[in-house]
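A structural walkthrough
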Amino acid sequence: MLNENAYALGANRSCIRDLFEYGRRRAAVVGEENVYDYSLGNPSIPSPREVDDAIRAVLADTDSLLIHGYTSAVGDYDTRKAICGDLNLRYGAHTRPEEFFIGCGAAPELVAVFRALAVPQGEVLAIAPYFPEYQPFAQEAGLTFRVVPPDVPSFQIDLDKLGAMLTCHTQAVILNSPNNPSGVVYTRQTLTHLARLLTDKSREFGHPIYIVSDEPYRELAYGVEVPFVPEIYPNTVVCYSYSKSLSLPGERIGYVYVPRAAADSQALYAAIAGAARGAGHVCAPSLWQKVIARCAHLRPDLASYDRNRTELYLGLTAMGYEMAKPDGAFYLFIKAPGGDAQEFSQRAKEKDLLVVPGDGFGCPGYFRICYCVSYDTIRRSLPVFRELMEQYR
Ligand code: PLP
């Protein structure tokens, strides 16, 4: 006998993965350059040179047993100190190393936080459009997963709808800004109103409603402010990852930040560390902890993403495609001409243009494109987008 939920998750591949695998197969037939694959969010800018330099420096000046040994379960002190130093400098924050737990990227960090918050009847709210993996993460942790309808067309947060969904069982609201899949950055005004609402509701229900701020795209913003959420709402747990900011998705490194100003912060931190332990996810990769200790201050060079974004946004809107302004991450979330994103995605696939229907993101009728591809792919795919639009006129 097997666990049914685990089996279902493993046996049913995600639609994004299916499209990506299809693209690989097509590329073998028609040539790499003739497949316009916008399916998968794999960074296309190399890690900053300083990351490679840091690897060499760690290898040169650190005892090999230390490089490859177990670290403290919550992570090396020096790594946590470097991260908090960087945050304090950038945001005028007052973080301390004790408030950080080094994790293996945002995915297991989110799982640990959800497990820590999973009480009987506990609920977590995600705001559409949202990263599809939140649902299995929350449900496997034992939380009821509920979706706040999207705030169309801006894809900020519809606070009336969110407010109506808060109950005495709400343990947390998941935020993801810059957002996958919309590319939208929540404004300071949106976050301030959300904070006010959650403060009032926490008081009404007699327990804190936390924000779980999932931030793999924090550094990927194009000329707009990405506010530091704990500064606006102290009951925030940050799940950060270097997967996108330093183009290190295969290395599995990030952190959880639990501000000491958060309600029950010490117990919350202990519960997150305990949940990670229960999931067997402690001691993030030691070499990478030591690299991050030297690289916490680095930011990506966004020039090529920005060029792709601008070319696509201007090109597609001129053709009549509609989307919210993509100020961050590397995604555009576009209204499907004709209204049926599944159908649009299928028609696009027939032209070797791979785009992901928005159903899995909680937004049917939209499709996502992930523009971490070459500029050449962007230029050559634009006529295909035009042909598709013409089919709907
Ligand atoms: N959260 C969001 C919104 C993402 O887009 C991703 C990955 O694409 C993750 C979390 C998981 O990131 P990580 O590689 O850090 O586990």
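For clarity, every value in this text was computed on a predicted model and none was experimentally measured.

Examining the packing of helix α14 (residues 303-319) against helix α16 (residues 375-391)
- Interaxial distance between α14 and α16 falls to 10 Å at its minimum, and their mutual angle equals 15 degrees. By the criterion of interaxial angle, the relationship of α14 to α16 is roughly parallel. In this structure, α14 crosses over α16, and the sense of that crossing is right-handed. Here R307, N308, E311, L312, L316 and M319 of α14 come into contact with α16, specifically with Y375, I378, R379, L382, F385, R386 and M389.

Re the sheet that holds strand β11 (residues 356-357)
- What the three strands build is an open sheet, ordered β9-β12-β11; its pairing is antiparallel. Edge positions in the sheet fall to β9 (331-335) and β11, since each of these pairs with one other strand and no more.
- Two elements, β11 and strand β12 (residues 366-370), share two bridges in a ladder whose sense is antiparallel. Its bridge partner lying in β12, P357 is registered against F367.
- Lying on the sheet, α14 is in contact with β9 and β12; it crosses β9 at an angle near 10 degrees.

As for the site of the ligand
- Neighbouring the ligand are 14 residues, the closest being A106, D214, Y217, S241 and R252.
- In the complex, 90% of the free accessible area of the ligand, which totals 400 Å², lies under the protein chains.
- Mapped by element, the contributors of at least two residues to the shell around the ligand are α6 (106-117) and α11 (242-245).
- Considering only residue class, the shell around the ligand consists of six nonpolar, five polar and three charged.

Rules used throughout
- Residues numbered from 1 in each chain as written.
- Predicted model: local features only at pLDDT ≥ 70, side-chain atom pairs only at ≥ 80, totals over all residues.
- Heavy atoms only, no water.
- Axes fitted to C-alpha atoms, helices over the stretch in contact; angles between N-to-C directions.
- Helix = DSSP H or I, 4+ residues; strand = E, 2+ residues; numbered from the N terminus.
- Parallel < 35°, antiparallel > 145°, perpendicular 65-115°, else oblique.
- Left-handed = near helix turned anticlockwise from the far one by under 90°.
- Contact = heavy atoms within 4.5 Å.
- Pairing = 2+ DSSP bridges.
- Near = heavy atom within 4 Å.
- Areas by Shrake-Rupley, 256 points an atom, 1.4 Å probe, with all protein chains shown as cover.
- Nonpolar A, V, L, I, M, F, W, Y, C, P; charged D, E, K, R; others polar.

Read these as layout, nothing more, since geometry by itself doesn't imply function.
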